[in-house]
Amino acid sequence: MNLKVNIAGVELSNPIITASGTFGFGREYGEMYSLDELGAICVKGLTLAPRAGNPPPRITETYGGILNSVGLQNPGVDMFIKNEIPELKKYTCKIIANIAGNTIEDYCEMAERLSGSGVDMLEMNISCPNVKEGGVAFGTNAKTILHITQEVKKHAKIPVIVKLSPNVTDITEMAKAAEAGGADALSLINTLLGMAIDIKTRRPILANITGGLSGPAVKPVAVRMVYQVAQCTKLPIIGMGGITNGDDAVEFMLAGSNAVAVGTANFMNPYACVSIKKGIVDYMNQYHIKDVNDLVGQVVIK
Ligand code: SIN
């Protein structure tokens, strides 16, 4: 049975990737199972300078998911390179650095610093809904996506994944703009902008008022968007949004994902990635599928 997948020339031992922001830098999960189990780790979103993130409360449970407004808390790109890459390099899984910035120059500078640092790929986070500058502001306009992708590509010496926001009218326009800008792969979806109110206090539950919704509640939206994007680009796709078990992962692959990212499920079950991988293998055994790549885009539309 073959579980290997290839994303923009980078070979992953299997299609399971951790979604940025749900796995830290892998240290805590690495105490529970070998990170060699994973195809890749996509680390918490990095910025040039360290960030404390948004004030609390910044995460709350909702029906079938969570609403977060973390605000890109991270130690900064240089601390990541110094302290985290040597730890991650102990494992066979590939490393994806998720990068975010206030300006296009921020993204370019991080692409420079991370190329040659041991990271295998960059994921451009132009879809974080929780920051005042940058983030989703870059990811909801096709012209801006084209421009920022072109600029980052001038500086990156490793493949660039563009992470798309679902908070748009037509995600295919955004996907096509990223492809035209030279993206090597796409990942989708980031969180859906949401809000929750405490009816006793009549105040928003999150200090930032709004936050990004993730978890099983968003899965049908994500599958639909992966399917639409797979129809309009030739780029490899990392699909995500509420994947909780092997069947969910297979569903995303049938819609057109070459690999899948697991996010909120890691909070519910720290072994989620391992059991999702096993679930894919069980499905392949049941349907006599020898190569996981044979699932990609195989949804039957009559
Ligand atoms: C956050 O740190 O606010 C979440 C990151 C993201 O949505 O991209």
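This text goes with the structure placed above it.
Now for a look at the structure at hand. (Residues numbered from 1 in each chain as written. Predicted model: local features only at pLDDT ≥ 70, side-chain atom pairs only at ≥ 80, totals over all residues. Heavy atoms only, no water.)

**Concerning the overall build of the protein**
Per the secondary structure count, the protein includes ten helices and 16 strands. Here the protein has a C-alpha radius of gyration of 18 Å; the compact-globule value for 302 residues is 19 Å, and the two agree. Dimensions along the principal axes, computed over C-alpha positions, put the protein at roughly 50 × 50 × 45 Å. Per-residue burial for the protein yields a buried fraction of 55% across its 302 residues. A separation of at least 24 residues holds for 71% of the contacts in the protein among residues at least 6 apart in sequence. When the accessible surface of the protein is split by element, carbon and sulfur atoms take 53% of a total near 13000 Å². If the 27 positive side-chain charges of the protein are averaged to one point and the 28 negative ones to another, these points end up 3 Å apart. (Helix = DSSP H or I, 4+ residues; strand = E, 2+ residues; numbered from the N terminus. Rg over C-alpha atoms; globule rule 2.2 N^0.38 Å. Buried < 20%, exposed > 50% of the residue type's maximum accessible area, 1.4 Å probe, protein only. Contact = heavy atoms within 4.5 Å. Areas by Shrake-Rupley, 256 points an atom, 1.4 Å probe, with all protein chains shown as cover. Lys, Arg positive; Asp, Glu negative; His and termini not counted. Charge placed at Lys NZ, Arg CZ, Asp CG, Glu CD.)

**Here's the deal with the packing of helix H3 (residues 104-114) against helix H5 (residues 142-155)**
Following both chains from N to C, one finds H3 and H5 inclined at 30°, their axes separated by 8 Å at the closest point. Our classification of the angle between H3 and H5 gives roughly parallel. With respect to the hand of their crossing, H3 and H5 are arranged in right-handed fashion. Contacts between H3 and H5 pair Ile104, Tyr107, Cys108, Ala111 and Glu112 from the former with His147, Ile148, Glu151, Val152 and His155 from the latter. (Axes fitted to C-alpha atoms, helices over the stretch in contact; angles between N-to-C directions. Parallel < 35°, antiparallel > 145°, perpendicular 65-115°, else oblique. Left-handed = near helix turned anticlockwise from the far one by under 90°.)

**Let's talk about the sheet that holds strand S8 (residues 121-125)**
The strand order S3-S4-S7-S8-S9-S10-S15-S16 describes a closed barrel built from eight strands, whose pairing is parallel. Across the sheet, the mean angle separating the axes of adjacent strands is 25° when strand polarity is ignored. In terms of strand pairing, strand S3 (residues 16-18) meets strand S16 (residues 259-262) through three bridges, oriented parallel. Paired with Ile16 across the bridge in S16 is Val260. (Pairing = 2+ DSSP bridges.)

**Here's the deal with the nonpolar core**
Judged by nonpolar contacts, the single largest core of 95 residues is most densely connected at Phe80, Leu122 and Leu188. With near-sequence residues (within four places) excluded, Leu122 lies in contact with Ile96, Ala97, Ile99, Ala111, Leu114, Ala156, Ile158, Pro159, Val160 and Ile161. (Core = buried A, V, L, I, M, F, W, Y, C linked by side-chain atoms within 4.5 Å.)

**Focus: the pairing of strand S15 (residues 237-240)**
Every second residue of S15 is oriented toward a common face, with Ile237 and Gly239 on one face and Ile238 and Met240 on the other, all of them buried. Here strand S10 (residues 185-188) runs beside S15; their pairing, made up of three bridges, is parallel. Bridge pairing in S15 links Leu186 to Ile237. By the bridge criterion, three bridges tie S15 to S16 in an arrangement that is parallel. Paired with Ile238 across the two strands is Ala259, which belongs to S16. Note that the unit made of S15, helix H8 (residues 246-255) and S16 has a crossover that is right-handed. (Right-handed = clockwise from strand over helix to strand, strands pointing away.)

**Focus: the side chain of Thr60**
Its place among the elements puts Thr60 in strand S5 (residues 59-62). Taking the relative accessible area as the measure of exposure, Thr60 reaches 15% and is therefore buried. Contact partners of Thr60, with chain neighbours within four places excluded, come to Ile66, Leu67, Ile205 and Leu206.

**Considerations on the environment of Arg202**
Counting through the fold element by element, Arg202 comes out in the loop between strand S12 (197-198) and strand S13 (203-204). In this structure, the C-alpha to C-alpha distance between Arg202 and Met225, residues 23 residues apart in sequence, is 34 Å.

**Observations concerning the site of the ligand**
If you check the shell around the ligand, you find Lys44, Asn68, Val70, Gly71, Leu72, Asn125, Cys128, Pro129, Asn130 and Asn190 and nothing else. Residue Gly71 places a main-chain N or O atom 2.7 Å away from an oxygen atom belonging to the ligand. One nitrogen or oxygen atom from the side chain of Asn190 is found 3.1 Å from an oxygen atom belonging to the ligand. Surface burial for the ligand is 92%, taken as the share of its 260 Å² of free accessible area covered by protein chains. Per-class residue counts for the shell around the ligand are four nonpolar, five polar and one charged. (Near = heavy atom within 4 Å. Polar contact = N/O pair within 3.5 Å; in protein donor to acceptor, adjacent residues only side chain to side chain. Nonpolar A, V, L, I, M, F, W, Y, C, P; charged D, E, K, R; others polar.)

**Topic: the packing of aromatic side chains**
Evaluated as defined, the whole model comprises five aromatic pairs. Aromatic pair Tyr33 and Tyr271: ring centres 6.0 Å apart, planes at 40°, arrangement tilted. Of this pair, Tyr33 sits in the loop between helix H1 (27-30) and strand S4 (40-42) while Tyr271 sits in the loop between helix H9 (265-268) and helix H10 (272-286), and the two are 238 residues apart along the sequence. Measuring from centroid to centroid gives 5.5 Å for Tyr107 and Phe138, while their planes differ by 85°, and the two rings are edge-to-face. Here Tyr107, found in helix H3, pairs with Phe138, found in helix H4 (residues 136-139); they are 31 residues apart in sequence, far enough to count as distant. A relative accessible area of 0% means that Tyr107 is categorised as buried. (Phe/Tyr/Trp six-rings, centres within 6.5 Å; stacked < 30°, edge-to-face > 60°.)

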